[in-house]
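Here is what each chain is made of, one letter per residue.
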Amino acid sequence: MSTPDPRPADGATGGTLPSEHTALVDRIAADSLTTRRDYLRIVATVSGGLAVGSTAVAAGVLPRHGDGAATPVRIADRITRGQAVAFAYPGADDHAVAVRLADGTLVGWSTICTHLACGVVRRPDHGPDGDLYCPCHEGEFDIRTGEVTAGPPPRALPRVLLVEDARGAVWAVGTARSGESDRTGLCRGLRERDPDLADRIDCGSGS
């Protein structure tokens, strides 16, 4: 059984499309194919980049907050109870926060998530002092200890070491990596920045 010829377009004769219509159909088909190929190529590239990036972060290949020497920097004239101050330390890309807890304790943390380096924010309405939260993958950290309390982060937040001077100004004086004690972090920074001072305060070679 034969299939009837399609109805001629306006102005056309016989059962075929005029040449300009055929050319247009061919061009649209070619553009669609190119678009699909480009889309698939972009998806593959982005997916591969995310996989490589997450592997590098998990393996510790990318720089982490707390690496390297840190020069003391004044971050606030004063921090009152319940107040949080965002700052960058030790470098411009090392985002951090200082928080005065309800009992007067002063804590400082990196706000770069240990999962995939997303930004961590303080949620003051979660608990008596609030918590630290990564919205990218629902990571949660204890604001007092920096420890992971929920979500996929594999380790605690690195600490920023804070001191107050006689006038109440708050200074960032060093950093400690995830799981590293304050003394170890401070001594590591001093050994890199001022080995003689590190020796004088008995940091030793592996403190």
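This section reports on the structure supplied with the text. Being a predicted model, the structure only gives us computed values, none of them experimental.

**Some remarks on the side chain of aspartate 131**
Tracing the backbone shows aspartate 131 in strand S6 (residues 131-134). Side-chain polar atoms of aspartate 131 contact the side chain of arginine 123, separated by 2.8 Å. Beyond its immediate stretch of four places on either side in the chain, aspartate 131 contacts Val121, Arg122, Arg123, His126, Glu140, Phe141 and Ile143.

**Here we look at the state of the cysteines**
If you walk through the whole model with that rule in mind, you get two disulfides. Between cysteine 118 and cysteine 136 runs a disulfide, and the two sulfur atoms are separated by 2.3 Å. Looking along the S-S bond of the cysteine 118-cysteine 136 disulfide, the torsion reads about -105°, which is the left-handed sense. One end of the pair, cysteine 118, is in the loop between strand S4 (106-110) and strand S5 (121-123); the other, cysteine 136, is in the loop between S6 and strand S7 (139-142), with 18 residues separating them in the sequence. Relative accessible area serves as the criterion here: at 17%, cysteine 118 is assigned to the buried category. Given a relative accessible area of 41%, cysteine 136 falls into the partly exposed group. Across the disulfide, cysteine 187 is cross-linked to cysteine 203 (sulfur-sulfur distance 2.0 Å). Sign of the S-S torsion, about -75° for the bond between cysteine 187 and cysteine 203, identifies this disulfide as left-handed. Note that cysteine 187 is positioned in helix H2 (residues 182-193) and cysteine 203 in the segment after helix H3 (195-200), a separation of 16 residues in sequence. Comparing cysteine 187 with cysteine 203 shows no difference in burial state: the two are buried. Each bonded cysteine of the protein gets a number by its place in the sequence, and the pairs then read 1-2, 3-4.

**Description of the nonpolar core**
If you look at the biggest cluster of nonpolar residues, it comprises 13 residues, and the most contacted ones within it are Val99, Val120, Leu132, Phe141 and Leu157. Not counting residues within four places of it along the chain, the set of residues in contact with valine 120 comprises Thr111, Ile112, Cys113, Leu132, Tyr133, Cys134, Phe141 and Leu157. The next biggest cluster of nonpolar side chains, apart from the first, holds twelve residues, and it includes Ile79, Leu162, Val170 and Ala172.

**Here's the deal with the sheet that holds S6**
Taken in spatial order, the four strands line up as S5-S6-S7-S8 in an open sheet, and their pairing is antiparallel. In this open sheet, the two edge strands, each paired with only one partner strand, are S5 and strand S8 (148-150). Across this sheet, the average inter-strand angle for adjacent strands is 40°, counted without regard to direction. The sheet contact formed by S5 and S6 spans three bridges and is antiparallel. What sits directly across from valine 121, in S6, is tyrosine 133.

Cut-offs and rules
Residues numbered from 1 in each chain as written. Predicted model: local features only at pLDDT ≥ 70, side-chain atom pairs only at ≥ 80, totals over all residues. Heavy atoms only, no water. Helix = DSSP H or I, 4+ residues; strand = E, 2+ residues; numbered from the N terminus. Polar contact = N/O pair within 3.5 Å; in protein donor to acceptor, adjacent residues only side chain to side chain. Contact = heavy atoms within 4.5 Å. Disulfide = S-S within 2.5 Å. Buried < 20%, exposed > 50% of the residue type's maximum accessible area, 1.4 Å probe, protein only. Core = buried A, V, L, I, M, F, W, Y, C linked by side-chain atoms within 4.5 Å. Pairing = 2+ DSSP bridges. Axes fitted to C-alpha atoms, helices over the stretch in contact; angles between N-to-C directions.

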